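Each chain, letter by letter, is given below.
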Amino acid sequence: MASKVVDLRSDTVTKPSEAMRAAMAAADVDDDVVGVDPTAHRFQSEMAALMGKEAALFVPSGTMGNLISVLVHCDVRGSEAILGDNSHIHVYENGGISTIGGVHPKTVPNNPDGTMDIDRIVAAIRHPDLHYPTTRLICLENTHGNCGGKCLSVEYIDKVGEIAKSHGLKLHIDGARIFNASVALGVPVDRLVKAADSVSVCLSKGLGAPVGSVIVDSKDFIDKARILRKTLGGGMRQVGVLCAAAHVAVRDTLGKLADDHRKAKVLAEGLKKIIHITVDPASVESNMVFFDIIDPRISPDNLCQVLKQHYNVLAMPASSKSIRFVIHYQISDSDVQYALTCVEKAFEELLKGGINLDQLTDGTTKSSYGH
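These figures come from a predicted structure and were not determined experimentally.

## Description of the environment of Gly240
Moving on, step 1. Locating Gly240 in the fold gives a position in helix H11 (residues 240-253).
Moving on, step 2. Relative accessible area serves as the criterion here: at 0%, Gly240 is assigned to the buried category.
Moving on, step 3. In this structure, the C-alpha to C-alpha distance between Gly240 and Arg21, residues 219 residues apart in sequence, is 13 Å.

## Some thoughts on the sheet that holds strand E12 (residues 316-317)
Moving on, step 1. Strand order in the open sheet formed by four strands is E9-E10-E13-E12, with antiparallel pairing between adjacent strands. Lying at the two open borders of the sheet, with one neighbouring strand each, are strand E9 (277-278) and E12.
Moving on, step 2. Contacting strand E10 (288-293), E12 and strand E13 (322-326), helix H13 (residues 300-311) runs over the sheet at an angle of about 40° to E13.

## Observations regarding the UniProt feature "domain: Aromatic amino acid beta-eliminating lyase/threonine aldolase" (unreviewed entry) in the chain
Moving on, step 1. Under the present numbering, the feature "domain: Aromatic amino acid beta-eliminating lyase/threonine aldolase" (unreviewed entry) in UniProt falls on residues 7-292.
Moving on, step 2. Annotation note: span residues 7-292, helix share 42%, strand share 17%, distance between end C-alpha atoms 19 Å.

## A look at the sheet that holds strand E2 (residues 55-59)
Sheet strands pair via backbone hydrogen bonds, and the direction of the pair is either parallel or antiparallel.
Moving on, step 1. Strand order in this open sheet of seven strands is E2-E8-E7-E6-E5-E3-E4, and the pairing throughout is mixed. Looking at strand neighbours, the two that pair on one side only are E2 and strand E4 (104-108), the edges of this open sheet. Taking the axes of each pair of neighbouring strands and ignoring which way they run, one obtains an average angle of 20° across the sheet.
Moving on, step 2. As paired strands, strand E3 (residues 79-84) and strand E5 (residues 134-141) are joined by four bridges and run parallel to one another. Counted as the bridge partner of Ile82 is Ile138 from E5.

## Here's the deal with the pattern of salt bridges
Moving on, step 1. A full pass over the atoms with the stated rule returns 13 salt bridges.
Moving on, step 2. We note a salt bridge from Asp220 to Lys224, for which the minimum N-O separation is 3.4 Å. Here Lys224 and Asp220 lie together in helix H10 (residues 219-231), a separation of four residues that amounts to about one turn.

## Quick word on the environment of Tyr132
Moving on, step 1. Here Tyr132 is to be found in the loop between helix H6 (118-124) and E5.
Moving on, step 2. Here the alpha-carbon distance between Tyr132 and Ser79, two residues 53 residues apart in the chain, equals 9.3 Å.
Moving on, step 3. Setting aside residues no more than four positions away along its own chain, Tyr132 makes contact with Arg126 and His127.

## Brief notes about the pairing of E13
Moving on, step 1. Among the five residues that make up E13, five are buried, leaving the element largely enclosed by the rest of the structure.
Moving on, step 2. The alternating pattern of E13 places Ser322, Arg324 and Val326 on one face and Ile323 and Phe325 on the opposite face, and all of these are buried.
Moving on, step 3. Sheet analysis places E10 next to E13, joined by five bridges and oriented antiparallel. For Phe291, the partnering residue across the bridge sits in E13 and is Ile323.
Moving on, step 4. Following E12, the chain reverses through four residues before pairing antiparallel with E13.

Cut-offs used in this document
Residues numbered from 1 in each chain as written. Predicted model: local features only at pLDDT ≥ 70, side-chain atom pairs only at ≥ 80, totals over all residues. Heavy atoms only, no water. Helix = DSSP H or I, 4+ residues; strand = E, 2+ residues; numbered from the N terminus. Buried < 20%, exposed > 50% of the residue type's maximum accessible area, 1.4 Å probe, protein only. Pairing = 2+ DSSP bridges. Contact = heavy atoms within 4.5 Å. Axes fitted to C-alpha atoms, helices over the stretch in contact; angles between N-to-C directions. UniProt positions renumbered as here; feature names shortened; annotations may be inferred. Salt bridge = Lys/Arg side-chain N within 4 Å of Asp/Glu carboxyl O.

What follows is the structure, given as structure tokens:
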């Protein structure tokens, strides 16, 4: 067993840096449920300004951030939200908008680049009719995780925003990796989300904070969101401890995202040279690399388990034939080269029959793909 560990499962697996831990220890805190935690207040104000919105609210997770945002916009049960059929909100968030909010999802097919066809979005908007739910919201995702970390352009987002406004709807962006999109596109993040009424920004993915997301929008929206956060159990007391770490993540990691994207390209180019894999390096736009296994004798589960058990390279299957690698700030160039070498060796071992596949059934790689 190799001693080195290269964790490519997700950018959610990062450990807090020493600077984050020091900031957490030194944070000036109070009770944020009653709105008096100074570190939380300062961080929320900074995030609102960074995103070009009036106000922000720290929440425990991106899933809660999305749920709260949808529920604020769709505050009448029986409302409908238009969203991609492969979007995180629809696929990986436990149907929360329906089970908790009484919001009906109207899905539109996601294209390979993460977009939804404009004409299909327009066609999905309901005309007033007692038979139908009332359309109130359009949701986008940027970057789009299930579509390989693709970045939605500012022109596309503006166009969807125009459609929403012209039909009296709201636009929410699931910005789980919105800073990755901003860096990849070379567009300031406030400009990228200008057309959005609300944005959920994950701090514990590309930015590497240990916990949390923020919702940004108008002051009125955030006032309503704060009530829903309490209802959902997301109101925390001395949350400045977490906001302090998130502040360091924004300060220190934003400048490293471009390098993460470069490493992802290098990884994709290396994988392309392995004959048992098909991958398109040109499709890699941010920090995610998806590749298909073309040899029917090898499954993603088996390959991931050999990588883990023999080489300490951690990854997760993305489907019955594909695997996803995710780069984050704790993955070095040498880690990328090590992972490439190990993938080649794992294929060799599996194909020569030197591994008992019956022993590769611990299920540890069979995890949710929604990270």
